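If you want the building blocks of each chain, they are given just below.
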Amino acid sequence: MDDIDAWVWWLIGAAGLGIPLVVTAMPEFGMLAVGAVAGALTAGLGGGVVLQVLVFIAVSVALIAVVRPIAARHRAQMPQLATGIDALKGKQAVVLERVDSSGGRVKLGGEVWSARALDTGRAYEVGQEVDVVDIEGATAIVM
């Protein structure tokens, strides 16, 4: 065991931290692994054990303090490109057949859709523009 250089142990530690990163998908393990690689570089350049540990701690804490909030903010954002039925919500449609709480037809995105009024006491006449608030199955909910 004494024949193995310290930088090799740091790289083994980095690889060991990479395993739970892959298994759990927790990016913090990756940040600790990068800290271990920094410790290996310090050991390879001749730094003492105390300096290696300090570099490991500094790099790991810096990455967790800086990268983690940025990653969390990006994960919480809604996708900028809506597709499928999500892209139709908020669009305008033109009434083709009278739409009320029991049904009707609208032209939405160049296609004819069955539609239903969101407000049960409201009806929309042919030619009127309505806003799509939701899609339930193949029915546009309009107001």
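One structure accompanies this document, and this report is about it.

Reading guide: rules and limits
- Residues numbered from 1 in each chain as written.
- Predicted model: local features only at pLDDT ≥ 70, side-chain atom pairs only at ≥ 80, totals over all residues.
- Heavy atoms only, no water.
- Axes fitted to C-alpha atoms, helices over the stretch in contact; angles between N-to-C directions.
- Helix = DSSP H or I, 4+ residues; strand = E, 2+ residues; numbered from the N terminus.
- Parallel < 35°, antiparallel > 145°, perpendicular 65-115°, else oblique.
- Left-handed = near helix turned anticlockwise from the far one by under 90°.
- Contact = heavy atoms within 4.5 Å.
- Nonpolar A, V, L, I, M, F, W, Y, C, P; charged D, E, K, R; others polar.

## Details of the packing of helix H2 (residues 27-44) against helix H3 (residues 49-76)
Phase 1 of the analysis: As a packed pair, H2 and H3 sit with axes 8 Å apart at the nearest point and diverge in direction by 150°. Considering their axes alone, H2 and H3 lie roughly antiparallel with respect to each other. Judged by the twist between their axes, the crossing of H2 over H3 is right-handed. Touching Pro 27, Glu 28, Met 31, Leu 32, Val 34, Gly 35, Ala 36, Ala 38, Gly 39, Thr 42 and Ala 43 of H2 are Leu 51, Gln 52, Val 55, Phe 56, Val 59, Ser 60, Leu 63, Ile 64, Val 67, Arg 68 and Arg 75, all from H3.
Phase 2 of the analysis: Of the residues that constitute the contact of H2 with H3, the class distribution is 14 nonpolar, five polar and three charged.

## Re the environment of Val 34
Phase 1 of the analysis: Looking at where Val 34 falls in the secondary structure, it is placed in helix H2.
Phase 2 of the analysis: Separated by 57 residues in sequence, Val 34 and Lys 91 have C-alpha atoms that sit 46 Å apart.
Phase 3 of the analysis: Once residues within four sequence positions are removed from consideration, Val 34 is found in contact with Val 59 and Leu 63.

Any functional reading would require information that these geometric values do not contain.
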